[in-house]
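Chains, contacts and geometry: an overview
One letter stands for each residue in the lines below.
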Amino acid sequence: MKNDAVISPTSEVTQLLVKMENIHKSFGGVTALSGVDFEVGNNEIVGLIGDNGAGKSTLIKILTGVAKQDTGKIFWKGGELKNNNVEKTRNIGIETVYQDRALAEKQNIWRNLFLGREKVYGRTGFLRVAESKNDADKMLKEMIGFTQKGLAANLGVSGLSGGEKQGIAIARALYFDAELIILDEPTNNLSLSETNKVLNFCKEIKKQGKACIFITHSIYHVYAVADKFVILDRGKVVGTIWKKDITMDKLIENLEYIAKHGRLIKAYANA
Amino acid sequence: MLDKIKLRLTESKLQISIFFVLIFLFLAFAIGNPRTFLSYNIYYAFMSIIPFAAIISIALTPIVILGEMDLSFPSVIGFCAWVFAATFTQYGNIYLALICSLATGLFAGFVNSIFIIRIGIPSLIVTIGMQYLWRGLVMIACGGIGLSLVDTQGTFLYKAFVGRIGNVVPAQALWAVVIAIVFALILNRHRFGVHLLCVGDDAVSSRMMGVNVEKVRTIAFMQMGFFAAFAGILASMEVLYFWPSTGEGYLMKSLASVFIGGTSVFGGTGTIFGTFVGSIIMGSLEAGIVSSGISGFWTKFIYGVVIVLSLTIYALMSKRTGFGKKLISFIKKIGTQKSR
Ligand SMILES: Nc1ncnc2c1ncn2[C@@H]1O[C@H](COP(=O)(O)OP(=O)(O)OP(=O)(O)O)[C@@H](O)[C@H]1O
Ligand SMILES: [Mg+2]
């Protein structure tokens, strides 16, 4: 007996893009994840939701290789990912916007945009500075549309607004051609119009045939774009629900029920 | 275009101000004692002595940029200088001595990085211990007795390291300049420089973006050891003698050079140019003070004033301190009130 309830199991026969199996992770005495199974299908937008401290960020950090699971397996397109690290997961096509943005704030924008994969001359490791700046300027204009603010690639990050920082983290993830894009609370700090931009990015990701994991506390945002919802509670998956099987109101009702009882409302729990 | 120039200026305001401090000091020296400071001899002397401290300060800069600290280098200088002198005395092969000494320096840096990264002792603390450890090893090894290096004098390496180019420029000055340029290039134009700055700024974020944080730290400490050895060899060859105390006296001056050069103790910012100018200031102050006719008793005091003053200027200039902003606007207010 698994503790997660799957309503309307995948009717479409899709090959899985990501499969995480029985993931356990604790930090010292704190158990962040206890036996989580998590799947992302091809061209699927998965809304990963749950309370503060449920383990959402930890789960995706394990997927991207930032953190290491204590036990459990990760599969990418059916093949097991062993000794996961950030470089590896990027190379296979996973891009991430981390909740804490992962920006080195005293550095300028272009250094941040290409951090960890600098544009360099061959194997010498010397930077292509002009090219980096140009591309960074293009990214700022085309991908985020921050033109009106006159953001230049040369500026330091620390002076930017929260939304601008978030925009840079998002642009960085979208610039590199990924098959799976992970957005951890991407709409935090964003204004209404910028939030809509991010939601449109998600729809664009779907159109392009890519997949996305969307983590958020805003049910409105996630309901607008996701194909399925995976609900985490205190380190466990308490439910996987397809969007076509539930209305937004019922989803919210379920989340409130989970917060109280630690499980789905009965009607939804029958797989 | 104007915006670009403005941005450049704000980016390099620390470097510009430290440069002006240097110009101001030398003007003051020249006014205080024109005969000395308008002749070449004093600059020749500076170029003979300052490079050792300059090289060490340059190598120390990446470590401070990482937000780390190394207090062990004076003793690493001493131990590596002993390895050099002892190997040369024993085998008469200066290249063997060079390689052994530099390798020892790399090893000392590696040991530091093991304690800091693997065992998790803060660098400030573990390098205090290492400072005693290496100096202790020097004392045990040489029994407190120095070694003559007079026999190195005829060698090619002697000419290349501390010879006098065309009888006017000490070779070590050229080494210091070349090392400074290479370090500046790496810091500003190389992937490793980006990683240094970003890890010093925010190690967690850098790791998330795929930077090998441990590797960056290890390399920083190993190069420090390497250049400590190099400076130790140069300094010993310059005086043709290995003293058991070699390296002592560099600690405070090198740290001060880095900090008055504008590198922040918080990590994530810093320039090689600033450090280079800082080490010239630290290296010339004493001679300047004494030859200006001020009593030698004043030297330490003036060192203190220069260091504290430049650090105050930086603190006020950096946007991070709200106090500085307030102070500047307060000063401006007073200024405008007076002028009315
Ligand atoms: N590096 C860490 N060290 C110690 N504990 C950690 C660490 N990272 C996460 N935790 C703990 O693991 C649990 C899950 O954290 P996680 O960040 O994954 O939650 P989350 O679902 O992303 O929450 P939020 O919605 O607030 O972002 C929490 O109890 C947290 O305190
Ligand atoms: Mg989180």
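Structure: see above.
Quick summary incoming for the structure in this document.

The rules behind these values
- In every chain, residue numbers begin from 1 and rise along the written sequence.
- Throughout, the order in which chains and ligands are written sets their labels, letters from A for the former and numbers from 1 for the latter.
- Residue-level local features of this predicted model are given only where pLDDT is at least 70; pairs of side-chain atoms are given and counted only at 80 or more, and the full residue set underlies all totals for whole chains, interfaces and linings.
- Where side-chain values are given, they derive from all heavy atoms of the structure, hydrogens and water being excluded.
- Buried residues of nine kinds, namely Ala, Val, Leu, Ile, Met, Phe, Trp, Tyr and Cys, make up a nonpolar core once their side-chain atoms join them within 4.5 Å.
- With a 1.4 Å probe rolled over the protein chains alone, any residue whose accessible area is under 20% of its type maximum counts as buried; one over 50% counts as exposed, and the rest are partly exposed.
- The criterion used for residue contact is that any of the two residues' heavy atoms lie within 4.5 Å.
- One side-chain nitrogen of Lys or Arg within 4 Å of one carboxyl oxygen of Asp or Glu is enough to make a salt bridge.
- Helix and strand labels come from DSSP, where a helix needs a run of H or I of at least four residues and a strand needs a run of E of at least two; each type is numbered from the N terminus.
- We call a residue near a given molecule or strand whenever any one of its heavy atoms falls within 4 Å of it.
- Counting of polar contacts relies on pairs of N or O atoms within 3.5 Å, with two restrictions inside protein: one atom must be capable of donating a hydrogen and the other of accepting it, and residues adjacent in sequence are counted only when both atoms are side-chain atoms.
- Areas reported as accessible are Shrake-Rupley estimates using a 1.4 Å probe. Residue values count occlusion only from the protein chains shown.
- Any helix carries an expected span of 1.5 Å times its number of residues minus one.
- Sites may look incomplete because water is not among the atoms; the donors themselves are N, O and S atoms within 2.8 Å of the metal, or within 3.2 Å for Na, K and Ca.
- Fitted lines through C-alpha atoms serve as axes, helices being fitted only where they are in contact, and the angles separating the N-to-C directions of these axes extend from 0 to 180 degrees.
- Throughout this description, any angle smaller than 35 degrees is read as roughly parallel, any larger than 145 degrees as roughly antiparallel, any in the 65 to 115 degree range as roughly perpendicular, and the remainder as oblique.
- Throughout, a crossing is termed right-handed when the near helix is turned clockwise from the far one, and left-handed when it is turned anticlockwise from it by less than a right angle.
- Each residue gets one label: Ala, Val, Leu, Ile, Met, Phe, Trp, Tyr, Cys and Pro are nonpolar, Asp, Glu, Lys and Arg are charged, and the others, such as Gly, are polar.
- Each patch is built from residues lacking any salt bridge and having more than 30% relative accessible area; the joining distance is 9 Å for like charges and 5 Å for nonpolar side chains (Val, Leu, Ile, Met, Phe, Trp, Tyr).
- Classification of ring pairs uses Phe, Tyr and Trp, with its six-membered ring standing for Trp, and accepts pairs whose centres are within 6.5 Å; under 30 degrees between planes counts as stacked, over 60 as edge-to-face, and the remaining range as tilted.
- By the criterion adopted, a ring carries a charge over it if an Arg CZ or a Lys NZ lies within 6 Å of its centre and within 35 degrees of its normal.

**Considerations on the nonpolar core**
Residues and elements named next belong to chain A. Phe-38, Leu-180 and Ile-213 are the most contacted members of the largest nonpolar core, which has 151 residues in total. Apart from residues lying up to four places away in sequence, Leu-180 is in contact with Leu-17, Val-18, Val-40, Leu-63, Trp-76, Gly-93, Ile-94, Glu-95, Ala-211, Cys-212 and Ile-213. Counting 33 residues, the second largest nonpolar core, distinct from the first, contains Ala-173, Phe-214, Val-238 and Leu-251.

**Topic: the pattern of salt bridges**
Residue and element names in this part refer to chain A. For the coordinates displayed, the defined rule picks out 18 salt bridges over all chains. Here Glu-179 makes a salt bridge to Lys-77, at a shortest N to O gap of 2.9 Å. With a gap of 102 residues between them, Glu-179 in the loop between α5 (162–175) and β7 (180–184) and Lys-77 in the loop between β4 (71–76) and β5 (79–80) connect regions that are remote in the sequence. A single salt-bridge network, built from bridges that share partners, covers Lys-119, Arg-128, Glu-131 and Asp-135.

**As for the site of ligand 1**
All names here are of chain A. Residues in close proximity to ligand 1 total 14 residues, the closest being Asn-52, Lys-56, Ser-57, Thr-58 and His-217. In this structure, an oxygen atom belonging to ligand 1 sits 2.8 Å away from a side-chain N or O atom of His-217. Across the complex, the protein chains shield 63% of the 640 Å² of accessible surface that ligand 1 would expose by itself. Elements that contribute at least two residues to the shell around ligand 1 include exactly β2 (30–41) and α1 (56–64).

**As for helix α12 (residues 213–239) of chain B**
All names here are of chain B. Over its 27 residues, α12 extends 40 Å from the first C-alpha to the last, a length consistent with the 39 Å expected when each residue adds 1.5 Å. A large share of α12 lies buried, amounting to 20 of its 27 residues. Positive phi shows up at Leu-240, right after α12, with a value of about 60°.

**Brief notes about the environment of Gly105(B)**
Residues and elements named next belong to chain B. Mapped onto the fold, Gly-105 is located in helix α6 (residues 94–118). Classification of Gly-105 as buried rests on a relative accessible area of 0%. For the pair Gly-105 and Cys-80, spaced 25 residues apart in sequence, the C-alpha to C-alpha distance is 6.2 Å. Here Gly-105 is in contact with Val-76, Cys-80, Met-222, Gly-225, Phe-226 and Ala-229, once residues within four sequence places are set aside.

**A look at the coordination of the magnesium ion (ligand 2)**
Here the magnesium ion (ligand 2) is held by Ser57(A) (OG) and Gln99(A) (OE1), and the distances to it run 1.9 to 2.1 Å. With Ser57(A) in helix α1 and Gln99(A) in the loop between β6 (94–97) and α3 (109–113), this residue pair connects regions lying 42 residues apart in the sequence.

**What about the packing of helix α5 (residues 73–91) of chain B against α6(B)?**
Residues and elements named next belong to chain B. One way to put it is that α5 packs onto α6 with a least axis distance of 8 Å and a crossing angle of 155°. Classified by the angle between their axes, α5 and α6 sit roughly antiparallel to one another. Where α5 crosses over α6, the two elements pack in a sense that is right-handed. Along the contact surface, α5 presents Val-76, Phe-79, Cys-80, Ala-81, Val-83, Phe-84, Thr-87, Phe-88 and Tyr-91, while α6 presents Ile-94, Leu-96, Ala-97, Leu-98, Cys-100, Ser-101, Thr-104, Gly-105 and Ala-108. When grouped by side-chain class, the residues that make up the contact of α5 with α6 number 14 nonpolar, 4 polar and no charged.

**Let's talk about a nonpolar patch on the surface**
All names here are of chain B. Among the surface-exposed residues, Ile-16, Phe-19, Phe-20, Ile-23, Leu-27, Ile-31 and Phe-273 lie close enough to one another that they form a single nonpolar patch of about 670 Å² accessible area. No other element matches helix α2 (residues 13–32), which puts 6 residues into the nonpolar patch. Along the chain, Phe-20 turns up in helix α2. Since its relative accessible area comes to 55%, Phe-20 is described here as exposed.

**What about the packing of aromatic side chains?**
On inspection of all chains with the given rule, the structure shows 24 aromatic pairs over all chains. A ring pair is formed by Tyr175(A) and Phe176(A), whose centres lie 4.9 Å apart and whose planes are at 90°; its orientation type is edge-to-face. Taking 5.5 Å as the distance between ring centres and 70° as the angle between the ring planes, the aromatic pair formed by Phe26(B) and Phe29(B) counts as edge-to-face. Of this pair, Phe26(B) and Phe29(B) both sit in helix α2, 3 residues apart, which is roughly one turn of that helix. This pair shows no difference in class: Phe26(B) is buried, exactly as Phe29(B) is. An aromatic cluster is present here, built from Phe161(B), Trp175(B), Phe183(B), Phe226(B), Phe227(B) and Phe230(B) joined pairwise through their rings. Note that Arg117(A) overlies the ring of Phe176(A), its terminal NZ or CZ placed 3.6 Å from the centroid.

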